[in-house]
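What follows is the residue order along each chain.
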Amino acid sequence: MQKIRPVESLAGLPSPVSISIWWNGGSILGLLLGVQIVTGLFLSMHYTADLVNTFNSVIHIMRDTPGGWLFRSIHANGASFFFLFMYLHIGRGLYYQSYISQPRSWMVGVTILIVSMATAFLGYVLPWGQMSFWGATVITNLLSAIPYLGPSIVEWVWGGFSVGQSTLNRFFSLHFILPFLIGGLSALHLIFLHEKGSTNPLGDLNHSSKIPFHPYFSWKDMVGFLVLFMMLALVALFYPTLLTDPENFICANPMVTPVHIQPEWYFLFAYAILRSIPSKLGGVVALASSVAILYFLPLAGANAAVPASFTPFYQILYWVFILIFMLLTWLGACPIEEPYLTLAVPSTILYFALAIILVMTPSIWKKVL
């Protein structure tokens, strides 16, 4: 029996002839993950996880290490690009209801999103600037909302009674290891995807409408890579601090609290949801639910025979949901004052209401037909 080589199997993978540029997101995310791992590896060779020298080691990388400024700029901005394309990838899956035909691949993808969020948060703390320190303090303090065990968990995460040396050590270790876990989950994501193959915009899995992956889509991916490199080079070389909070250029000072503490832009939608709920425990539950709700999409759409993504009802719901997501992202960056607080409450309610309706739409549409 002739053995099938993995490269030949991948090159000859049947792929729908009608998929658009929105299907390039997965390959671009794989490339970005590789860029983040490589640049992070080189940065770790000069980084010092020591409260006294941490901030200065980052300055040393930027000013004294040959090419250090470039590696750090690519790594810091690459994280933003990674989440940008991840949100586009998830948005495409929501639009075309990929979770119906590929439930296991979708579940692993949501897990990748959660692990990526954890990795990005840990990495944001490492430069030990003002926003890094206070961001770590605020976010880790949320664990204290857990009944009974909360305060003990916070002390265990900190390694003491406040964010300090032990916290920095464990955050650095986890930030180094988790990308390899993301790589493993990405491989599992692809394995589940290739069991049935990619779907076309209509959700069809019929092999009669498919063509080999190479050369048709491999070259298409190359074009996506070139566009990505141009965008990343533009930001990393000409606007390296475009997405950086000015407070992070100041060394962490536990005695001075920044006027406005906020996370990176890709967490702002969840941060706005957290702030909109007066109860600390309720805010933490809503924060976790804002991402965890994606796990339930395949469960509701499992019995849907006809895609609802091209119906006017689903289209309106989808784009309103996207607008609410963008509105929450903007509100998360706004100060904690009126009218932003008033706007955040109905936006949070709409976010969860629309998410629940999107979950139920495929089954509802099947009953209507």
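Residues numbered from 1 in each chain as written. Predicted model: local features only at pLDDT ≥ 70, side-chain atom pairs only at ≥ 80, totals over all residues. Heavy atoms only, no water.

The name given to the chain in an unreviewed UniProt entry is Cytochrome b, and the organism recorded there is Peronia peronii. We quote the UniProt Sequence similarities (unreviewed entry) comment for the chain here in full: "Belongs to the cytochrome b family." As recorded by UniProt, the Function (unreviewed entry) comment attached to the chain reads in full: "Component of the ubiquinol-cytochrome c reductase complex (complex III or cytochrome b-c1 complex) that is part of the mitochondrial respiratory chain. The b-c1 complex mediates electron transfer from ubiquinol to cytochrome c. Contributes to the generation of a proton gradient across the mitochondrial membrane that is then used for ATP synthesis." (UniProt positions renumbered as here; feature names shortened; annotations may be inferred.)

Would you explain the side chain of glutamine 36 in this entry?
Here glutamine 36 lies in helix H2 (residues 25-44). A distance of 3.0 Å separates a polar side-chain atom of glutamine 36 from the backbone oxygen of histidine 75. Not counting residues within four places of it along the chain, the set of residues in contact with glutamine 36 comprises Ile74, His75, Gly78 and Ala79. (Helix = DSSP H or I, 4+ residues; strand = E, 2+ residues; numbered from the N terminus. Polar contact = N/O pair within 3.5 Å; in protein donor to acceptor, adjacent residues only side chain to side chain. Contact = heavy atoms within 4.5 Å.)

In this structure, what is going on with the packing of helix H4 (residues 68-95) against helix H6 (residues 103-125)? I would like to understand it.
A pair of packed helices is characterised by two quantities: the angle between their axes and the separation of those axes. Where H4 contacts H6, the axes come no closer than 12 Å and their chain directions differ by 155 degrees. The angle between H4 and H6 falls in the class roughly antiparallel. As H4 runs across H6, the sense of the crossing is left-handed. Contacts between H4 and H6 involve Phe82, Phe83, Met86, Tyr87, Ile90, Gly93 and Leu94 on the former and, on the latter, Trp106, Ile112, Leu113, Ser116, Met117 and Ala120. (Axes fitted to C-alpha atoms, helices over the stretch in contact; angles between N-to-C directions. Parallel < 35°, antiparallel > 145°, perpendicular 65-115°, else oblique. Left-handed = near helix turned anticlockwise from the far one by under 90°.)

For this particular structure, what's the right way to read helix H14 (residues 312-332)?
Quick reminder: α-helices carry 3.6 residues per turn. Residues three or four places apart thus point the same way. With 21 residues, H14 extends 30 Å from end C-alpha to end C-alpha; this agrees with the ideal 30 Å at 1.5 Å per step. Of all the positions in H14, only Tyr314, Leu317, Tyr318, Phe321, Ile324, Phe325, Leu328, Thr329, Leu331 and Gly332 are classed as buried. Projected down its long axis, H14 carries its buried residues within an arc of 165 degrees, all on one side. What points out from H14, more than 90 degrees from its buried face, is the exposed set Pro312, Ile316, Leu323 and Met326. (Expected span 1.5 Å × (residues − 1). Buried < 20%, exposed > 50% of the residue type's maximum accessible area, 1.4 Å probe, protein only. Arc of directions from axis to C-beta.)

I keep staring at the nonpolar core and nothing clicks. Help me out?
Generally speaking, soluble globular proteins have nonpolar side chains that are buried together. Core analysis: the biggest nonpolar cluster contains 84 residues, and Leu113, Phe269 and Tyr351 have the highest contact counts within it. If you tally residues by element for this core, the top one is H6, at 12 residues. No fewer than three residues from each of domain 1 (15-255) and domain 2 (262-368) sit in this core. Aside from chain neighbours lying at most four places away, what touches tyrosine 351 is Phe269, Ile273, Ser290, Phe321, Ile324, Phe325 and Leu328. (Core = buried A, V, L, I, M, F, W, Y, C linked by side-chain atoms within 4.5 Å. Domains from an automatic or database assignment.)

Looking at this model, I keep getting lost on the environment of glycine 135. Mind explaining?
Topologically, glycine 135 is positioned in helix H7 (residues 130-141). Look at glycine 135 and you get buried, because its relative accessible area is 12%. In this structure, the C-alpha to C-alpha distance between glycine 135 and tyrosine 124, residues 11 residues apart in sequence, is 8.5 Å. Once residues lying within four places of it in the same chain are set aside, the contact partners of glycine 135 are Phe121 and Ile261.

For this particular structure, what's the right way to read unusual backbone geometry?
With the exception of glycine, the majority of residues adopt a negative phi angle, and the majority of peptide bonds are in the trans configuration. With an omega of 5 degrees, the peptide bond running from glutamate 338 to proline 339 counts as cis. If you check the backbone angles, glutamine 97 has positive phi at about 55 degrees while not being a glycine. Positive phi outside glycine occurs at tyrosine 148, with the angle close to 70 degrees. What makes tyrosine 148 exposed here is its relative accessible area of 83%.

Just to check I follow, could you spell out the environment of alanine 233 for this structure?
Note on placement: alanine 233 falls in helix H10 (residues 216-238). Here alanine 233 falls in the partly exposed class, since its relative accessible area comes to 31%. Counting along the chain gives 156 residues from alanine 233 to asparagine 77, while the straight-line C-alpha distance between them is 9.7 Å.

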